[in-house]
Amino acid sequence: MLNNLILIILFICFVAGLSYVYLRLKEETSKFKKKNGDDLQITPEEVYKQVETLFLAGDIGTGQKLAKKYLAQNPYHHELRRLLVKSYIETQKEYEAISNLLVLVQFYPDDLNIYQQLANLYKNTHQNKKAIHFYSYILSKDKYDVNAMRNLAQLYYNNKQKESALKLYKQLVTYIDDEEEKVEYYAIIGSIYTTYGEYKKAINFYKKVLEHDSSNIDVIKDLRKIYLKEKDTDNVIYYSRKLIDLEPDNYVYYEEIINLLFHVHSYEEALQYAQKALELPTADIFAVKNQIAKIYLYTGKIQESIALINETILQDPTNLLLSQTLAMAHCMNKDFEKAKKVCDDALEVAVPSDIKVIHNNLSTILAEEAVYLLNQGKTKQAFEKFTEAMHYNNENPEIYFKLANANRQIKNYSEAIRQCKRAIELAPEVSLYYETLADIYYELQNFIEAKKFYKEAVFIDPKNARAHTFLGILQSKDKEHDAAIKSLETAVSLDPDNVDIRYNLALAYEVAGKKDEAKVEYEKVLELDPQHKEAANNLKLL
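First, a word on what this report is: a plain description of the structure on this page. (Residues numbered from 1 in each chain as written. Predicted model: local features only at pLDDT ≥ 70, side-chain atom pairs only at ≥ 80, totals over all residues. Heavy atoms only, no water.)

## A closer look at the side chain of R81
No. 1: Mapped onto the elements of the fold, R81 is located in helix 4 (residues 78-90).
No. 2: For the buried R81, no salt bridge is present, and the opposite-charge side chain at shortest range is E79, 10 Å distant.
No. 3: Beyond its immediate sequence surroundings of up to four residues, R81 is in contact with L71, P75, N100, V103 and L104. (Helix = DSSP H or I, 4+ residues; strand = E, 2+ residues; numbered from the N terminus. Buried < 20%, exposed > 50% of the residue type's maximum accessible area, 1.4 Å probe, protein only. Lys, Arg positive; Asp, Glu negative; His and termini not counted. Salt bridge = Lys/Arg side-chain N within 4 Å of Asp/Glu carboxyl O. Contact = heavy atoms within 4.5 Å.)

See the structure below:
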C-alpha cells in the first residue's frame, strides 16, 4: 500500500516536471521566432512600400533595418533586395551592396545591370581584379557596352596593363561621338605608345589632341620630350616656342630654348630669347649673360663678349661659368696667356667638383695654342703644347680632333686617322669628327671608308650639308644614282645658294640620264654664278 502511494507521488512529480519543461520550451521558442521576424506578418508588397516610404522620407537607417529584417525571413523578395542595394549604394555602404548583389546574381544570371553594379562597386573599393573580371564578362555579352569599355580600359591603364588598355581605347574612339572625350583618349593612347617607344604613332595621336586643343600644355611637353629623344631639334625648338607662348613667365623654357638655338647656330634668335629672359623675375642673370657672351663669341663679337663678362663677373668674382667663358674669349682672341691666367685664377678658388671643368678648358686652350703655333710653322712647339694639353685632360676629344687635323696638315695620315678615331670614341655624338675622318679617307682615295663615315656624319647631324654633298658625290661615283640625287637634293635644301652643291647635283642628274632636271639645275648654277664655265659648257652639250 505504501509502495503504491510512493509510486503515485513519483508519477505526479514526473508529469509536473514534463509540463514545466514543455512550458519553458514554448516560451523560448516564441522569443526565438520574434527575433527572427515571424512577428512581421505583412505582405511583400506592404513591406516594399513601407521601406520605400522610409527612404523617401529620409529615414534611411530605419528603412534599411526593416528591409534586412524582412529579407532574413523572406530572402526571395528580390525587388526589396534591389531597393536595399540602391540605398546602400547611395549611402556609400559598398560592401553591404556587394553582398546583396551577389545574392541577386544567382537568381538573375542574365541581368547585365547587376554585373555592371558589381563591377562599379569592386572598382570603387579598389578590388581591381574582381572589377576587371565583371567588366570583361559584360563585354563578352555585349561588345558595344561603352560604359564597361571605358571602365575596363581605365583599370587596365592604372594597373599597367598597357597593351589591353591600348586595344580598348582605340576601340572607344571609334564608338563614341563626344569629341572632348575622344581627345582625352587620344592623349592616353599617345602616352601608351610613348611608353612602348613607338614615337611615330604617339606623335600622330598627340597631334590629334592639338587639333582640338592647341594649348594642351601636357601634350606639348610630351611631344617635346619625344622629339628630344628622336634628336629632332627643329621640332624641339618649335614646341619650346609654344611652351613659352603658353607660359611666358617660365624661365626654364627660355633657358632650354636659348641652349637649343645656340646648338643649331641660330644665334640671332637665341640672343632675342636671352634678352627677353633677362626681364623675368626668376631669371638666372649670370647664366643668361654668360649665354649672351657665348653668342657674341660665336658671331665674331669677341670684344663685346669680353666686356660683358668683365662687367658681370664683378658681381660674382667666383662664378665658374663666367670665368671659363672669359677664358675661351681670350683664347679665340689668340691671347692664350690671358686665357690660361683666367683658368689659373679660377683654380685658386675652385671647389673640387669644378677643377675638372677648368682643367678641361685649359686643355682646350693649349690645343688651340698648338694649332696656332702649327699655322705659324712652329711644328715642334705645337706638338709640345698638345702634350701639355693632354696633361690636363687626356680624355678631351677636342685635343685628339685638333691633333688629327695637325697630322693631316703635315700628311701624317695614319696618325691623323688614329687621333680622329680617338676623338670619335670619346664623343661619338659629334658629326664633325666623322666628317673629318671621311675627308682624310677621301684624300687617301679610300672611297669605301670615306662613304661610310660621311653616312655616319649625316646620320648624327641630318643638317650637315657638306657631308650630304660628299656622300652624294661618292654615291654617284659608285653609280648609286637614286641615292646620290637624294643626298645632293638634301644638301641643296640645306644650303640653296651654294654653287658647288648645285653643280654637283646637276652632274648627278646628268649621269643618271635625267637631262631635263640637269638643265634646270645648271641654269640655277648660272643664275648664282654667271661666270661658271663648267656649268655653261655642260648646259650647251645638253
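## Some details on the packing of aromatic side chains
No. 1: The tally for this structure, following the rule as stated, stands at 23 aromatic pairs.
No. 2: Judged by centre distance (4.5 Å) and plane angle (35°), the rings of Y115 and Y137 are tilted. Of the two residues, Y115 sits in helix 6 (residues 112-124) while Y137 sits in helix 7 (residues 128-141), which places them 22 residues apart along the sequence.
No. 3: Looking at Y115, the relative accessible area reads 10%, which means it is buried.
No. 4: Overall, the relative accessible area of 25% leaves Y137 in the partly exposed class.
No. 5: With centroids separated by 5.6 Å and ring planes inclined at 65°, the aromatic side chains of Y144 and Y175 adopt a geometry described as edge-to-face. Taken together, the positions of Y144 in the loop between helix 7 and helix 8 (146-158) and Y175 in helix 9 (residues 162-175) put the pair 31 residues apart, joining distant regions of the chain.
No. 6: A relative accessible area of 32% means that Y175 is categorised as partly exposed. (Phe/Tyr/Trp six-rings, centres within 6.5 Å; stacked < 30°, edge-to-face > 60°.)

## Structural notes on the packing of helix 29 (residues 515-528) against helix 30 (residues 533-541)
No. 1: Axis separation between helix 29 and helix 30 bottoms out at 9 Å; the angle between their running directions is 150°. Put simply, helix 29 runs roughly antiparallel to helix 30. Where helix 29 crosses over helix 30, the handedness of that crossing is left-handed. Within the contact between the two elements, helix 29 uses K519, Y522, E523, V525 and L526 and helix 30 uses A535, A536, N538 and L539. (Axes fitted to C-alpha atoms, helices over the stretch in contact; angles between N-to-C directions. Parallel < 35°, antiparallel > 145°, perpendicular 65-115°, else oblique. Left-handed = near helix turned anticlockwise from the far one by under 90°.)

## Description of the pattern of salt bridges
No. 1: Taken as a whole and judged by the stated rule, the model has 24 salt bridges.
No. 2: In this structure, the salt-bridge partner of K182 is E179, at a minimum N-O distance of 3.9 Å. Here K182 and its partner E179 are both found in helix 10 (residues 179-196), three residues apart, which amounts to about one turn of the helix.
No. 3: On the basis of relative accessibility, which here comes to 38%, the residue E179 falls in the partly exposed class.
No. 4: One salt bridge connects E368 with K402, and the closest N-O pair in it is separated by 3.2 Å. Residue E368 is located in helix 20 (residues 352-375), and its partner K402 is located in helix 22 (residues 397-409); the two are separated by 34 residues in the primary sequence.
No. 5: Residue class for E368 comes out partly exposed when judged on its relative accessible area of 23%.
No. 6: Within this structure, E337, K340, E369, K385 and E388 form a network of salt bridges that share partners.

## Side note on helix 14 (residues 251-263)
No. 1: The terminal C-alpha atoms of helix 14, which comprises 13 residues, lie 19 Å apart, in line with the 18 Å expected from a rise of 1.5 Å per residue.
No. 2: Buried within helix 14 we find Y251, Y253, Y254, I257, I258, L260, L261 and F262.
No. 3: In this fold, the buried residues of helix 14 make contact with helix 12 (217-229), helix 13 (233-246), helix 15 (267-277) and helix 16 (285-298).
No. 4: Of the residues that open helix 14, the one with a side-chain oxygen 3.1 Å from the backbone nitrogen of V252 is N250.
No. 5: Positioned one or two residues after helix 14, H265 has a phi angle of 65°, which is positive. (Expected span 1.5 Å × (residues − 1). Polar contact = N/O pair within 3.5 Å; in protein donor to acceptor, adjacent residues only side chain to side chain.)

Read these as spatial facts, not as claims about activity.
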